[in-house]
Amino acid sequence: PEVILMAREDIKNISPNLAIEAHVNSVTERLALNEPLFILPDATLFSNEGLKNNNTALGRLMCRTMIKATGADVAIHNSGGIRAGLPAGTVAVRDIYNVLPFGDKLISVPMTGKELEEYFISQAPLKQRGFLQMFGLTGYAYKKEGQPILVGITLVDGTLIDSKKTYRLALN
C-alpha cells in the first residue's frame with residue numbers, strides 16, 4: 001500500500017476507526033497506563049540529557065528502582081535503553097514506558113568484586129552507546145594511553161569493593 005502524508009486540516013473530517021480505538025482503550029485500561037504515580041515539579045530533574053557522558057539523575061532513579069525490585073547490592077543500566085525523560089507534572093505509568101520502551105527483563109546475578117571490576121573496564125570503550133547508568137557504587141578510573149585504568153570501586157557507604165566477595169548485580 002502507498003503511504004500518503006497529509007496535513008492536519010486534510011484529515012479533520014476523517015472518523016477514527018472504532019475497533020482500533022476500542023483496542024487502544026482496552027490496552028490502556030489493562031496496563032493502567034494513565035495511572036498517576038507521582039508529581040514532578042520540573043522536567044529537568046529527570047531529563048534524558050547527558051546520558052552519553054554522565055551518570056544522570058534519571059539513570060540513578062532507574063537503577064535504584066532496579067535494586068529495590070531485586071534486592072541487589074548494585075545496579076547498572078545501559079544508557080541506550082533510556083529513550084525519554086520524565087515530564088513535569090503528573091507522571092503516569094505510560095511515561096515510564098516512554099522512558100524504557102523495550103520491555104527488557106530485569107535480572108539479578110551474582111558477581112565477585114573482581115568480576116565487577118572487569119565488567120566496568122570492558123564497558124569503558126563503549127562510549128558511543130553512552131555512559132553506564134548505575135546506582136549502589138562509584139567507580140574511580142583514569143585513562144593512560146587511551147586505556148581505562150580502574151583505581152577502585154566503592155559502595156554507597158564509601159567502602160571499597162572486596163575483589164573476593166560476591167555481590168548481586170541488577171541489570172536488564
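Right above here is the structure, for reference.
Residues numbered from 1 in each chain as written. Predicted model: local features only at pLDDT ≥ 70, side-chain atom pairs only at ≥ 80, totals over all residues. Heavy atoms only, no water.

> Please give an account of a nonpolar patch on the surface that cites residues and values.
Nonpolar side chains collect at one region of the surface, where Ile-4, Met-6, Ile-11 and Ile-14 lie side by side and expose about 410 Å² of accessible area between them. With respect to the helices and strands, the residue Met-6 is situated in the segment before α1 (8-11). (Patch = residues over 30% accessible without salt bridge, like charges linked within 9 Å, V, L, I, M, F, W, Y side chains within 5 Å. Areas by Shrake-Rupley, 256 points an atom, 1.4 Å probe, with all protein chains shown as cover. Salt bridge = Lys/Arg side-chain N within 4 Å of Asp/Glu carboxyl O. Helix = DSSP H or I, 4+ residues; strand = E, 2+ residues; numbered from the N terminus.)

> Can you explain the pairing of strand β2 (residues 74-77)? Please cite residues and give values.
Within a regular beta strand, the side chains point alternately toward one face of the sheet and then the other, so they alternate between its two faces. Of the two faces of β2, both are covered, the one formed by Val-74 and Ile-76 as well as the one formed by Ala-75 and His-77. Sheet topology note: the β2/strand β8 (residues 166-171) ladder contains 2 bridges and is parallel. Across the sheet, residue Ala-75 finds its bridge partner in β8, namely Ala-170. Relative to strand β5 (residues 133-135), β2 runs antiparallel, the two sharing 3 bridges. Note on β5: the bridge partner recorded for Ile-76 is Met-134. (Buried < 20%, exposed > 50% of the residue type's maximum accessible area, 1.4 Å probe, protein only. Pairing = 2+ DSSP bridges.)

> Can you lay out the pattern of salt bridges for me, pointing to particular residues and giving the numbers?
As enumerated under the stated definition, the model contains 1 salt bridge in all. Glu-118 is paired through a salt bridge with Lys-114; the nearest N and O atoms lie 3.9 Å apart. Within this pair, Glu-118 and its partner Lys-114 are both found in helix α5 (residues 113-123), separated by 4 residues, close to a single helical turn.

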